[in-house]
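# Architecture at a glance
Chain by chain, the residues:
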Amino acid sequence: MASSLTKDSVRPETPGTEKTFFGHPRGLATLFMTEMWERFSYYGMRALLPLYLVAPGGLHLSAGTATAIYSVYLSLVYLLALPGGWVADRLLGPRKTVAVSGLIIMLGHLCLALPVAASFYVGLVLVAIGSGLLKANISTMVGHLYKGVDDPRRDGGFTLFYIGINLGAFIAPLAIGTVGENVNWHLGFALAALGMALGLVQYLLGGRHLAAQSNEVPTPLSAEEKKATLRKGLIWLAVAAVFYALVGGTGHFTLNWALIPLTVIGLIVPILVIARIYRDKDLEPAERSKVSAYIWFFVAAAVFWMIYDQGGSTLSLFADSSAKNTIAGWGFPVSWYQSVNPVMIMALAPVFAWLWLWLNRRGKEPSTIVKFGSGLVLVGASFFLFLAPLSIAEGGHKAAAMWLVAIYFVQTVGELALSPVGLSVTTKMAPKKYASQMMGVWFLAVTAGDSITALLSNPAVGGVNLDRMGFVALEAILAVVAGVAVWMYRKKVKALMGSVN
């Protein structure tokens, strides 16, 4: 990345001659690399996780239990983005919070690298906590580098930052997945820890280039509030410790004593958060109307992410057991499928940006509602496509790898139609009082979707085989119906949205 930094040959104190990163503030390079390495560690570990959980040389769990663990883990990452934002806003400030989160993530991966089951689950929790803390704050720090929302470089800066996310996600399965599957599972997890360590070191060294605002605590807790928060936290921690000590001491503890409560929390918290915002008496009628419209988008997004995130669990486990995993006679690790989405995102995102602009100039750009509905229909179509390799596998044959690549392609197109629009509409429809918190609410749609998957796949609760043709078809129909419903009720939703387009 050093070659991308430029410096004019004139005196360094001359205004406008400071080092830049592709014409952007030097601090963007620090955040770009931090996020790239964090995503490298996160997506690399995530690519290995379901495969390790079912492998005879791993934990050798059933596919249902592995999917439940994977889904609960993902739901926690996005659920913890809410308290992650609170920690930065009230306690540490974004810069210190990101530093702490990087350390926690690194320690989590080191725990995963130890060949001990108990340490493995502790590692999952630590990585989830660290990822939640980081996810909520590093994007905020990118915004701090620019002079307000009208800075003409702002959108370009976030685009570069987005490339860093997908670059790390693309490289991770190729490196960590190969080492984990072909050499040693725990060595793969150790490589993820090394990636986060590299990201943390360069973050600390490059901290001087970050905006001073990133070091500020926007609304710090008073001494009394700190004592009250600490007291409540310790009480809840003690209650949980006593409860699980009793369950463990009586010999009744199983993995589901942790999985099921976390799944239920992932379903209840989103409902409670949205209900609290909707019932807030300080909201103006127009704001409450927008929240009502947003609920449509939230529920639709939960359905989308429920199916989409199975690309890392249901599809990956299917590939492990029932796909050829070769192209033109060349074999590759199953984890490499997880690189398909990020490379397609990097290739197609500029195309979509150009397409919307081209249609807009001709007065034909689809509305937010139509884009959102299209994303749902596409993710449903990807699971209709999944029926083909499932049918091949049921006939006793191995499905070709290109079937899975095609599924990931359709899902990526659906993601580009829905996800950026969802982020945009969240900021547009947020009540003033909840302008910052609403982005956390958008992440809760992922939490809700993954929690549903966890509930269905857990043998102790739903016990559903998510890779069976009947259920895959049912999920596909659900997504398409949800997309069509969003389109059919577009006038009602548009009326609730008010002036938001």
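Residues numbered from 1 in each chain as written. Predicted model: local features only at pLDDT ≥ 70, side-chain atom pairs only at ≥ 80, totals over all residues. Heavy atoms only, no water.

## Things to note about the overall build of the chain
Within the chain, the secondary structure is distributed over 18 helices and 5 strands. Taken over the C-alpha trace, the chain has a radius of gyration of 23 Å; the compact-globule value for 501 residues is 23 Å, and the two agree within 12%. For the chain, the spread of C-alpha atoms along the principal axes amounts to about 70 × 55 × 55 Å. Across the 501 residues that make up the chain, the buried fraction comes to 50%. When contacts within the chain are restricted to residue pairs at least 6 apart in sequence, those whose partners lie at least 24 apart make up 78%. As presented, the chain carries roughly 22700 Å² of accessible surface, and 68% of it is formed by carbon and sulfur atoms. (Helix = DSSP H or I, 4+ residues; strand = E, 2+ residues; numbered from the N terminus. Rg over C-alpha atoms; globule rule 2.2 N^0.38 Å. Buried < 20%, exposed > 50% of the residue type's maximum accessible area, 1.4 Å probe, protein only. Contact = heavy atoms within 4.5 Å. Areas by Shrake-Rupley, 256 points an atom, 1.4 Å probe, with all protein chains shown as cover.)

## Examining the packing of helix α14 (residues 368-394) against helix α17 (residues 469-488)
Contact pair α14 / α17: the axes reach a minimum separation of 8 Å and the direction vectors enclose 165°. In terms of orientation, α14 lies roughly antiparallel with respect to α17. Judged by the sense of rotation from one axis to the other, the crossing of α14 with α17 is left-handed. The class makeup of the residues in the contact of α14 with α17 is 22 nonpolar, 4 polar and 2 charged. (Axes fitted to C-alpha atoms, helices over the stretch in contact; angles between N-to-C directions. Parallel < 35°, antiparallel > 145°, perpendicular 65-115°, else oblique. Left-handed = near helix turned anticlockwise from the far one by under 90°. Nonpolar A, V, L, I, M, F, W, Y, C, P; charged D, E, K, R; others polar.)

## Thoughts on the domain arrangement of the chain
Assigned domains within the chain: domain 1 (21-220), domain 2 (223-253) and domain 3 (256-500). Computed over C-alpha atoms, the centres of domain 1 and domain 2 are 27 Å apart. (Domains from an automatic or database assignment.)

## Observations regarding the environment of Val273
If you trace the backbone, Val273 turns up in helix α10 (residues 256-279). Given a relative accessible area of 13%, Val273 falls into the buried group. Taking C-alpha positions, Val273 is 31 Å from Asn465, a pair spaced 192 residues apart along the chain. Sequence-distant contacts of Val273, defined by excluding residues within four places in its chain, comprise Leu82, Val441 and Leu444.

## Topic: helix α12 (residues 314-322)
Among the 9 residues in α12, 7 count as buried, and that is most of the element. Looking at α12, one finds that the buried residues are Thr314, Leu315, Ser316, Leu317, Phe318, Ala319 and Ser322.

## Structural notes on the confidence of the model for the chain
Predicted confidence across the chain gives a mean pLDDT of 89, with 94% of residues reaching 70 or more. Low pLDDT, under 50, characterises residues 1-17; the predicted model gives this stretch 21 contacts beyond four residues in sequence or across chains. (pLDDT = per-residue confidence, 0-100.)

## What to know about the nonpolar core
Across soluble globular proteins, nonpolar side chains show a tendency to be buried alongside one another. Grouped together as the largest cluster of nonpolar side chains are 96 residues, with contacts concentrated most on Tyr73, Tyr337 and Leu404. Sorting elements by how many residues they give to this core places helix α11 (residues 285-308) first, with 13 residues. Two domains each donate at least three residues to this core, and these are domain 1 (21-220) and domain 3 (256-500). Beyond its immediate chain neighbours, meaning those up to four positions away, Tyr73 contacts Tyr42, Met45, Leu49, Leu124, Val127 and Ala128. (Core = buried A, V, L, I, M, F, W, Y, C linked by side-chain atoms within 4.5 Å.)

## Section: the environment of Leu404
Tracing the backbone shows Leu404 in helix α15 (residues 401-429). For Leu404 and Leu198, which are 206 residues apart along the polypeptide, the C-alpha to C-alpha distance reads 33 Å. Those residues in contact with Leu404, other than ones at most four positions away along the chain, are Leu315, Phe318, Ala319, Ala323 and Tyr337.

## Examining helix α8 (residues 185-205)
In a regular helix each residue adds 1.5 Å, so 21 residues correspond to 30 Å; α8 covers 31 Å between its end C-alpha atoms and thus fits that length. When α8 is considered as a whole, its buried residues turn out to be Trp185, His186, Gly188, Phe189, Ala192, Ala193, Gly195, Met196, Gly199, Leu200, Gln202 and Tyr203. In this structure, the buried residues of α8 make contact with α1 (27-54), α4 (94-113), α5 (117-135), α6 (138-144) and α7 (154-182). By the N-cap criterion, in which a side-chain oxygen at the helix start approaches the backbone nitrogen of a residue two or three places on, α8 is capped by Asn184, the distance to His186 being 2.9 Å. (Expected span 1.5 Å × (residues − 1). Polar contact = N/O pair within 3.5 Å; in protein donor to acceptor, adjacent residues only side chain to side chain.)

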